[in-house]
Structure formats: structure tokens, C-alpha cells
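Here is how the chains run, residue by residue.
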Amino acid sequence: MKLSREIYLFPCLLNFLAPLAVQASGDDHSSHQGHHDHHSSHASMSSSSPSTMFMGKTTFVLGGVDGVTGKDETVFNYDTKLMGMTSFTGQDMLMTAVRVGNFSMMDPFGMGMDMDMGMMGTMKVGGEARLDTAFSSSNNLELHKAFYRFPLGDDLQVTFGPKLRQDDLLGVWPSAYPSDEILFVLNQAGASDTYSKKMGAGAGITWSNDKLVASALLVAEDAADSSKGFLQDVSSDIKTFQLALVDDLYTIALAYTNSDNGNTDGSADADDYTSYGITGTYKFSNDSSTVPSSINAGYGWKNPENVNDTSNIEDGKTWTLGAMWNDAFIEGNNLGLAIGTAETHRDDSGYDDPLAWEAFYQVPINDSMTITPAVFVIERDGTDDVKGALVKTTFNF
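Report on the accompanying structure. (Residues numbered from 1 in each chain as written. Predicted model: local features only at pLDDT ≥ 70, side-chain atom pairs only at ≥ 80, totals over all residues. Heavy atoms only, no water.)

It is worth spelling out the overall build of the protein at this point. Each helix and strand in the protein was counted, giving two helices and 19 strands. Considering the protein as a whole, with its 397 residues, one finds that 50% of them fall into the buried category. Across the protein, the fraction of contacts at a sequence separation of at least 24, relative to all contacts at a separation of at least 6, is 57%. (Helix = DSSP H or I, 4+ residues; strand = E, 2+ residues; numbered from the N terminus. Buried < 20%, exposed > 50% of the residue type's maximum accessible area, 1.4 Å probe, protein only. Contact = heavy atoms within 4.5 Å.)

Written as C-alpha cells, this is what we have:
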């Protein structure tokens with residue numbers, strides 16, 4: 001990839017790209033300001049010469065869990081993302097990101113995987129304490145994201161690409177809680193089925209006017225498969241619509257998602273559903289040491305297309321409540337607490353309604369390095385809780 005021809009364009013490009021990346025990149029939502037900031041940034045770009053900026057992020061995770069049979073050892077994992085952001089006109093962005101990591105999908109911190117159980121359907125194994133930063137590529141460098149974003153006039157923005165994540169297409173990520181701190185399940189805006197963060201090919205359009213932001217998007221998990229494609233009966237397509245009200249102090253978002261999982265036989269399928277979510281965040285303007293700097297709350301509900309009580313494929317709900325304290329105890333350090341549903345809760349007699357909670361403390365060593373110790377608990381229905389502790393070291397470069 002060609003480097004910038006004019007080095008003086010880098011500050012302008014950074015000014016333009018930072019809000020774009022913050023919007024819905026899935027990489028850094030902690031300083032989200034709302035989609036309407038995109039248009040204010042356009043005025044800072046006057047050159048149409050192609051310019052490219054590179055950024056990187058490496059995360060070390062040292063930690064372990066208790067409560068998962070045979071997986072109680074302390075492990076040391078890493079995740080590295082390299083991102084190239086190119087602007088051709090000063091108002092567009094081509095994102096190319098490569099990633100490498102060694103979080104095994106079968107281990108507690110990994111993403112987990114679906115195992116075919118025959119007549120019983122599929123069952124998720126591994127990933128009992130999936131971290132938001134966990135990525136498995138078996139130490140091989142992989143293309144992680146490739147998408148292009150450009151404006152259509154002053155109020156519309158289009159994003160499309162062969163490899164992206166659902167939240168890359170959203171106009172608003174409705175949370176001020178750090179998106180990749182600890183547990184994945186507590187970083188889905190309280191509506192885990194609506195904001196599933198599925199990856200694939202996709203396209204989306206966002207309209208913004210003053211404080212109102214609306215998005216419509218499609219993510220096709222099977223778009224690269226010539227036997228399935230996208231928007232076909234057998235393809236797994238996720239369609240999301242979002243309407244948000246964005247202010248300097250608060251954000252409120254309503255969202256709807258339809259996921260079909262390519263289901264053509266009418267059988268009960270946990271990934272064939274419609275879901276809804278309402279999420280909000282509020283930032284306090286005081287300097288109190290007891291009142292949080294921001295609070296985030298979200299609630300979601302899910303309705304499978306076909307219900308099967310025997311397989312626990314039923315209507316369900318999720319919620320999350322999170323809070324951040326900036327300059328906690330020591331200036332520059334941040335404290336975060338979150339609690340929410342550990343899975344989509346069912347209204348069944350004897351069901352334990354498992355919850356998950358986490359607590360972390362960010363300690364910036366310098367502008368590029370942060371150390372974050374954390375503890376967490378994930379309850380499980382009918383079995384032992386998963387308890388864990390870790391230290392995460394993050395390098396931004």
C-alpha cells in the first residue's frame with residue numbers, strides 16, 4: 001500500500017478518520033461522539049490527493065479461569081491489529097485491516113465454536129469466558145476487514161465491503177462503555193441478539209440530520225460461498241435498522257434485527273429470529289469522585305421464528321448495565337463496572353437466569369501503553385460459575 005505523498009495531510013486525515021473509526025468500527029467505541037460529527041469533519045479536508053495513515057494495536061492477556069473442567073491453567077495470549085486507512089477525496093475512507101492472534105476458539109477466553117450434535121442440533125463449545133479482544137488465527141496473519149465508506153451529499157453516508165462487522169455499518173454505537181475491555185457478552189449494548197456483531201460481506205446506509213441518525217444495513221455471513229451467496233433462501237443474512245438520538249451528554253438508540261441463518265426447512269433454529277433493542281448512555285458533567293462519569297444501559301428481546309422448548313429455542317431477553325469513572329483514585333486512571341445477562345434469558349421454570357459481571361481498572365503508563373487488571377464472574381445455568389482474573393496490556397501505535 002502506498003504511503004501518503006504529502007506528509008502535511010496526515011493531521012487532516014487523522015481529524016477526518018478518527019470520528020469515522022469511533023463511529024462503528026468495532027475497534028474503539030469508548031470515545032464515541034455520534035454520527036453527525038462526520039459531516040463537521042469534512043470541512044477540515046481541502047485536498048483530494050490520496051493519503052494513507054497506518055495504525056496498530058497489540059494486546060497481551062495474562063490470566064485464567066476457575067470453573068471450566070480441564071481448563072484452569074494460567075494462559076498468556078496476544079492479539080495484534082494493523083489498520084490502513086486511505087482517503088482518496090478527503091471525504092471517503094478505505095479501511096484495510098489485518099489481524100493475528102493465538103486465542104484458541106476452544107479455550108475459555110476464545111470465541112467458541114458450533115459443534116454439530118446430530119438430531120440435537122448445534123451446541124456452542126469453548127468460549128465460556130469469551131473476551132472481546134480474543135481473536136484466533138493460529139498465529140497466521142489474516143485479512144480482518146476490508147470496506148469502503150463515502151458520503152452522498154451532506155446527510156447520507158454509504159459503507160460496503162466484502163469483509164466487515166455489523167457495527168462497522170451502524171451510524172451510532174450507543175454506549176460510552178469501552179467496547180473491547182473484558183467480556184464480549186457485556187459489550188453488546190445490552191441487546192446481544194440485536195447487536196450480534198456478526199461478520200461477513202455487507203452494505204449499509206446512514207442518514208443524519210442534527211441529532212437524529214438512522215441506519216439500515218445488511219451483513220451476509222455466506223457471501224463468499226458461491227453455493228449460498230447473499231439474499232438467497234440458503235444464505236445467512238442479518239438485517240438491522242437503527243434510529244438514534246445523539247447529544248453531547250446522551251445517546252438513545254432503538255434497533256431491530258432480522259437474522260434468518262439460511263433456514264429453509266422451518267425447523268427451530270437459535271439463529272433464525274427477529275430481535276429488538278433499546279440502549280442509552282448518559283455522560284455526567286460533574287467532577288464527583290462517587291458519581292460515574294458515564295452510565296450505559298441496554299435491554300433487548302428476541303423472538304425465534306420457530307420455537308422448540310426441548311432445545312431451549314424460545315423467546316428471551318437480555319440486558320446490561322455499565323458505568324465508568326474517569327480519573328478514579330488517581331488522575332488519568334479509569335474504573336469500569338458492568339453487570340448483565342450471561343446469555344439470552346428464557347422464561348422457564350427452574351431456569352437459573354445466569355448473570356455476568358466484570359470490574360476493571362485502566363492504568364495508562366504513557367500515551368501508547370495501558371495496563372488493565374480485571375476480575376469477572378459468569379454464571380451458568382445448572383452448573384458451576386466461571387470465575388476469572390486477568391491483566392491486559394494494550395499498546396497503540
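Structure shown, so let's carry the discussion forward.
Residues Asp 66, Asp 72, Glu 73, Asp 384 and Asp 385 make up a contiguous surface patch of negative charge. By secondary structure assignment, the location of Asp 66 is in strand S1 (residues 51-66). (Patch = residues over 30% accessible without salt bridge, like charges linked within 9 Å, V, L, I, M, F, W, Y side chains within 5 Å. Areas by Shrake-Rupley, 256 points an atom, 1.4 Å probe, with all protein chains shown as cover. Salt bridge = Lys/Arg side-chain N within 4 Å of Asp/Glu carboxyl O. Lys, Arg positive; Asp, Glu negative; His and termini not counted. Charge placed at Lys NZ, Arg CZ, Asp CG, Glu CD.)

So, on to the side chain of Ser 87. Positionally, Ser 87 belongs in strand S2 (residues 75-87). In terms of polar contacts, Ser 87 uses its side chain to reach the backbone amide nitrogen of Gly 90, at 2.9 Å. A polar contact is formed between the side chain of Ser 87 and the side chain of Asp 92, at a distance of 3.1 Å. (Polar contact = N/O pair within 3.5 Å; in protein donor to acceptor, adjacent residues only side chain to side chain.)

Summed over the entire model, instances satisfying the criterion amount to 15 aromatic pairs. Consider the rings of Phe 60 and Phe 395, whose centres lie 5.2 Å apart with planes at 65 degrees: the pair is edge-to-face. On the criterion of sequence distance, the pair formed by Phe 60 in strand S1 and Phe 395 in strand S19 (residues 383-396) is long-range, its members being 335 residues apart. On the basis of relative accessibility, which here comes to 33%, the residue Phe 60 falls in the partly exposed class. Pairing Tyr 148 with Phe 150 gives two aromatic rings, centres 5.6 Å apart and planes at 25 degrees, and the pair type is stacked. With relative accessibility at 22%, the residue Tyr 148 sits in the partly exposed group. You can call Phe 150 partly exposed: its relative accessible area is 23%. What links up through ring pairs into an aromatic cluster is the set Phe 241, Tyr 256, Tyr 276, Tyr 299 and Trp 301. Stacked on the ring of Phe 184, the Lys or Arg Arg 130 has its end atom at 3.7 Å from the ring centre. (Phe/Tyr/Trp six-rings, centres within 6.5 Å; stacked < 30°, edge-to-face > 60°. Lys NZ or Arg CZ within 6 Å of the ring centre and 35° of its normal.)

Let us now look at the pattern of salt bridges. Taken as a whole and judged by the stated rule, the model has nine salt bridges. Here Arg 99 ties to Asp 79 by a salt bridge, and the two come within 2.8 Å at their closest N and O atoms. A residue pair is termed long-range when its members are at least 10 positions apart, and Arg 99 in strand S3 (residues 93-101) and Asp 79 in strand S2 qualify at 20 residues. Both residues of the pair, Arg 99 and Asp 79, belong to the buried class. Arg 346 is the partner of Glu 314 in a salt bridge, and the nearest nitrogen-oxygen pair spans 3.7 Å. Of this pair, Glu 314 sits in the loop between strand S13 (294-304) and strand S14 (316-326) while Arg 346 sits in strand S16 (residues 345-346), and the two are 32 residues apart along the sequence. Judged by its relative accessible area of 13%, Arg 346 falls in the buried class. Among the charged side chains, a network of salt bridges with common partners joins Glu 314, Arg 346 and Asp 348.

Moving on: the environment of Phe 329. With respect to the helices and strands, the residue Phe 329 is situated in the loop between S14 and strand S15 (334-341). The exposure class assigned to Phe 329 is exposed, which follows from its relative accessible area of 74%. Separated by 40 residues in the primary sequence, Phe 329 and Ser 289 have C-alpha atoms spaced 7.9 Å apart. Aside from chain neighbours lying at most four places away, what touches Phe 329 is Leu 335 and Tyr 361.

All right, on to the pairing of strand S11 (residues 250-259) then. Two elements, strand S10 (residues 237-246) and S11, share nine bridges in a ladder whose sense is antiparallel. Counterpart to Leu 245 in the pairing with S11 is Ile 252. In this antiparallel pair of consecutive strands, S10 and S11, the connection spans three residues. Examined bridge by bridge, S11 and strand S12 (residues 273-283) share ten bridges and lie antiparallel to one another. By the bridge assignment for S12, Ala 255 is matched with Gly 277. (Pairing = 2+ DSSP bridges.)

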